[in-house]
Amino acid sequence: MHAKIISQAVAYEHNGVKLEGVLAYDDSLVGKTKLPGVIIFPEWWGMNDYVKDRAKKVASLGYVAFVADMYGAGVVTRSAKEAGALAAPFYGKPLMAERAQAGLTTFLKSDYVDSSRVAAIGYCFGGTISQVLAYSGAPLVGIVSFHGGLAPVPSDAVTKNKAKILICHGAVDPFVKKTDIEAFQKSMNEGKFDYQFISYAGAVHAFTNPEATALAAANGLSGAIAYNEAADRHSWDHMKLFLSEVMAQK
């Protein structure tokens, strides 16, 4: 049988908010044995075609993928002003980890997923979410943050966190300050976290999204947000190696 990537909507709810995630998998692999899973958190634009396509790419690697919905079913935008307003209630609040955990809980109920081998990846806003979810003690073997903001590391994360960490960072991302990087690495080193921090030369914010340059132009963000093909390709390869290692350890 030829492999076919299946993508399907999954309805769930959190605190009265109706959410709709997307599950993606290779139909030639499911049903034989449970597969390692990857939960994916979107950029602040919401559940757009870009992140759904990423889920299919992850599924083509042999994982079951699930894009978690943070805003609500059908809520998506191309306006930075609207995206900022949608994302704002999550930053620095328990809601970020709680809404992310609702997606993870839904994903773990899938018959296709080996719950002992689940990692999280996230893009921009979603990269921050993946960090916060790991720090909360969620059952993740690893996380990958692509061009995400660096969430402050809570003191109790040292004992709660179960995940190995890969940060894929644009070396000239104007939204991540040098002091943020220094504080992050200090927390990682002092807490003896298992982490990697990789910077990609010439890459700014949102470097993995082929639409980033057009979105930047439409929102007055040219130069701050842009696609970088080399950084996209290299970070994807780094993610593949990282996932193969953390999944194999279980």
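What counts, and at which threshold
For every chain, the first residue of the written sequence is number 1, and numbering continues from 1 along that sequence. Thresholds applied to this predicted model are a pLDDT of at least 70 for local features of residues and 80 or more for the giving and counting of side-chain atom pairs; totals over whole chains, interfaces and linings are not thresholded and use all residues. Side-chain numbers come from the whole structure's heavy atoms, not from hydrogens or water. Buried, partly exposed and exposed residues are distinguished by accessible area as a fraction of the type maximum, computed with a 1.4 Å probe on protein chains only: under 20%, between the cut-offs, and over 50%, respectively. Numbering of helices and strands starts at the N terminus; helices are DSSP runs of H or I of at least 4 residues and strands are runs of E of at least 2. Following DSSP output, two strands are said to pair if at least two bridges run between them. Residues are called lining when one of their atoms sits within 4 Å of a cavity or pocket point, these points coming from a 1 Å grid over the protein atoms alone, where a cavity is a set in which a 1.4 Å probe fits but cannot get out and a pocket is an open set with protein on both sides within 12 Å along at least five of seven lines. Grid points are joined across faces, edges and corners, and a volume is the space filled by probe spheres set on the points. Each residue is assigned to one class: nonpolar for Ala, Val, Leu, Ile, Met, Phe, Trp, Tyr, Cys and Pro, charged for Asp, Glu, Lys and Arg, and polar for all the others, Gly among them. The angle between two axes is taken between their N-to-C directions and runs from 0 to 180 degrees, where each axis is a line fitted to C-alpha atoms and a helix contributes only its stretch in contact. Any pair of residues with heavy atoms lying within 4.5 Å of one another is described as a contacting pair.

A. Main features of the pairing of strand 3 (residues 35-41). Within strand 3, seven of the seven residues are buried, leaving the element largely enclosed by the surrounding structure. Of the pairings in the sheet, the one linking strand 3 to strand 5 (residues 113-123) comprises six bridges and is parallel in character. Following the sheet pairing, Ile 39 is matched in strand 5 by Ala 120. Pairing between strand 3 and strand 4 (residues 64-67): four bridges, direction parallel.

B. Representation of helix 4 (residues 125-135) in the model. Most of helix 4 is tucked away: 10 of the 11 residues are buried. Along helix 4, the positions that sit buried rather than exposed are Phe 125, Gly 126, Gly 127, Thr 128, Ile 129, Ser 130, Gln 131, Leu 133, Ala 134 and Tyr 135.

C. Broad picture of empty space enclosed by the protein. Scanning all chains against the criterion turns up one cavity of 30 Å³ or more. Here the largest cavity is characterised by a volume of approximately 50 Å³. Considering the residues around the largest cavity, the lining is formed by Pro 42, Glu 43, Gly 46, Met 47, Ala 68, Asp 69, Met 70, Tyr 71 and Phe 125. Here the residues of the lining of the largest cavity sort into six nonpolar, one polar and two charged.

D. A look at the sheet that holds strand 7 (residues 164-170). Taken together, the eight strands give an open sheet; going across it, the order is 1-2-4-3-5-6-7-8, and neighbouring strands pair in mixed fashion. At either margin of the open sheet sits one strand with a lone partner, and together these are strand 1 (5-14) and strand 8 (195-200). For this sheet, the mean angle separating the axes of adjacent strands, direction not counted, is 20 degrees. Note: strand 5 against strand 6 (residues 142-146), five bridges, orientation parallel. Among the inter-strand pairings, Ala 119 is bridged to a residue of strand 6, identified as Gly 142. Helix-sheet contacts for helix 1 (residues 49-59) involve strand 1, strand 2 (17-26), strand 3, strand 4 and strand 5, and the interaxial angle to strand 2 is about 35 degrees.

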